[in-house]
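Spelled out, the chains give:
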Amino acid sequence: MVWQDLLEKVKQGDAKALARSISLIENEYEGYETLLQSLPATNTKIIGITGPPGAGKSTLVDALIGLLVASGKKIGVVCVDPSSPFHLGAVLGDRIRMSEWYTHPGVFIRSLATRGSMGGLHPKIIEITDLMKVFPFDHVIVETVGVGQSEIEIAGLADSTVVVMVPEGGDEIQTMKAGLMEIADVFVVNKADRPDADLFVNNLRLMLAPAFRSHYNEVPVVKTVASQQKGITELLDIIIHQLQKSHLTDKKFWLLAERAFHLIQQKRMKEIKKDVLKKEIELQYPKGGFNLYRFIADK
Ligand SMILES: Nc1nc2c(ncn2[C@@H]2O[C@H](COP(=O)(O)OP(=O)(O)OP(=O)(O)O)[C@@H](O)[C@H]2O)c(=O)[nH]1
Ligand SMILES: [Mg+2]
């Protein structure tokens, strides 16, 4: 099938065509760039869920899907996380529920391996989420494990970024970089069934207070118990409210600039391979007078 037909089917809501198009992009099959350049503009918003491993992101996504599906919404989910329950759903007892969504007509889930090339993100995550936006979903959710850079990167990807934390992560609060505070549109303190949840929420609010001055708005903090679907309605309300506001704002253009920057960076680096550089250096270095700056000047 040529990509024009494929794209047409994606627009019409053909899940198989969507899955095939994602593979086309992932594997950089011929025509994938033309397909990307043919993507029409849409208004579908991306909800980004990030946070440390095991914070309950997938459980939260599962609960959010539950709410959205119950109100008749169509949801697309991209999971950039090799250890995600979405992979293990069929194996682990308390996670079996997850796998239900795989066969639900209102839900499309695609898991992507991180491949380690971009911190916690997948090298084609921007392209794949942009493709997902063409499918008639009401919302697209992207889950990534927040490991260093990826937390910052997901901010460039999502229209609303939810940073999930857990009460025992006291040290994380201390070491939380200003960057993480900047990217969060909503903070979730999940596992609020744990004893120190309220203390943690208070500490987080105190910690965030100085940041408010530089931030446009106060960042809401929501307590959830994702495994019991507690706090999910409140969280969803906040997310939806933020998404509705985020039309043509300064932030929106920064996010697009962020994405453009990333894609340009990737494109320019594509031809550059470390092993090739090493071979060239090996040849030049023994000749003497090796200068790294002259070496890179024509790269
Ligand atoms: N007590 C408690 N456990 C929870 C809660 N939410 C999730 N869990 C449990 O925490 C564990 C990790 O949840 P996940 O949803 O897999 O967390 P995650 O952030 O997606 O994990 P990774 O994708 O591996 O980074 C699971 O055993 C969940 O059942 C909660 O609110 N309270
Ligand atoms: Mg997960």
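Right above here is the structure, for reference.
For clarity, every value in this text was computed on a predicted model and none was experimentally measured.

For the pair helix α1 (residues 3-11) and helix α2 (residues 15-26), the least separation of the axes is 8 Å and the interaxial angle reads 130°. One element, α1, and the other, α2, form an angle in the oblique class. Once α1 is placed against α2, the crossing between them reads as left-handed. Touching W3, L6, L7, K9 and V10 of α1 are A17, L18, R20, S21 and L24, all from α2. For the contact of α1 with α2, the class distribution of residues is 7 nonpolar, 1 polar and 2 charged.

Turning to the pairing of strand β7 (residues 186-189), a few remarks are in order. Burial along β7 is two-sided: the residues V186 and V188 and F187 and V189 are all buried. Pairing between strand β6 (residues 160-165) and β7: 4 bridges, direction parallel. Residue pairing for β7: M165 is matched across the bridge by V189. Note that β7 and strand β8 (residues 221-223) share 3 bridges and pair parallel. When the bridges of β8 are listed, V188 appears paired with V222.

Spatially, β3-β2-β5-β1-β6-β7-β8 is the arrangement adopted by the 7 strands of the open sheet, whose pairing is parallel. The outermost strands of the open sheet, each flanked by one partner alone, are β3 (107-112) and β8. Going across the sheet, the axis of each strand differs from the next one's by a mean of 20°, ignoring polarity. Sitting on the sheet, helix α7 (residues 125-132) touches β1 (46-51), β2 (75-80), β3 and β5 (139-145), and the angle it makes with β2 is about 170°.

Now for helix α13 (residues 250-269). With 20 residues, α13 ought to run about 28 Å at 1.5 Å a step, and its terminal C-alpha atoms sit 29 Å apart, in line with that. Burial analysis of α13 places just 0 of its 20 residues in the buried class, which makes it a mostly uncovered element.

A word on helix α4 (residues 57-70). Between its terminal C-alpha atoms α4 stretches 20 Å, which fits the 20 Å expected from 14 residues at 1.5 Å a residue. With respect to burial, α4 is a largely interior element, 10 of its 14 residues being buried. Residues of α4 that are buried: K57, S58, T59, L60, V61, D62, A63, L64, I65 and L68. With its phi angle positive at about 80°, G72 sits one or two positions after the end of α4.

Let's shift gears to the nonpolar core. Grouped together as the largest cluster of nonpolar side chains are 59 residues, with contacts concentrated most on V77, I141, V186, F187 and V188. For this core, the two domains that each supply at least three residues are domain 1 (1-39) and domain 2 (41-247). Discounting residues that sit within four places of it in the chain, F187 has contacts with V163, M165, L204, V219 and V221.

Turning our eyes to something else, we now look at unusual backbone geometry. A positive phi angle, close to 50°, is found at E28, a residue other than glycine. Examined against the element boundaries, E28 turns out to sit in the loop between α2 and α3 (32-37). Notably, K191 is not glycine yet its phi reads approximately 60°, a positive angle. Locating K191 in the fold gives a position in the loop between β7 and α11 (197-212). Residue class for K191 comes out buried when judged on the 24 C-beta atoms lying within 10 Å of it.

What follows concerns the pairing of β6. In terms of burial, β6 is largely enclosed, as 6 of its 6 residues are buried. Covered by surrounding structure in β6 are S160, V162 and V164 together with T161, V163 and M165, the residues of both alternating faces. Here β1 runs beside β6; their pairing, made up of 4 bridges, is parallel. Opposite T50, over in β6, you have V163 as the bridge partner.

Calculation rules
Residues numbered from 1 in each chain as written. Chains lettered and ligands numbered in written order. Predicted model: local features only at pLDDT ≥ 70, side-chain atom pairs only at ≥ 80, totals over all residues. Axes fitted to C-alpha atoms, helices over the stretch in contact; angles between N-to-C directions. Helix = DSSP H or I, 4+ residues; strand = E, 2+ residues; numbered from the N terminus. Parallel < 35°, antiparallel > 145°, perpendicular 65-115°, else oblique. Left-handed = near helix turned anticlockwise from the far one by under 90°. Contact = placed C-beta atoms within 7 Å. Nonpolar A, V, L, I, M, F, W, Y, C, P; charged D, E, K, R; others polar. Buried ≥ 20, exposed ≤ 12 C-beta atoms within 10 Å, placed from the backbone. Pairing = 2+ DSSP bridges. Expected span 1.5 Å × (residues − 1). Core = buried A, V, L, I, M, F, W, Y, C linked by C-beta atoms within 7 Å. Domains from an automatic or database assignment.

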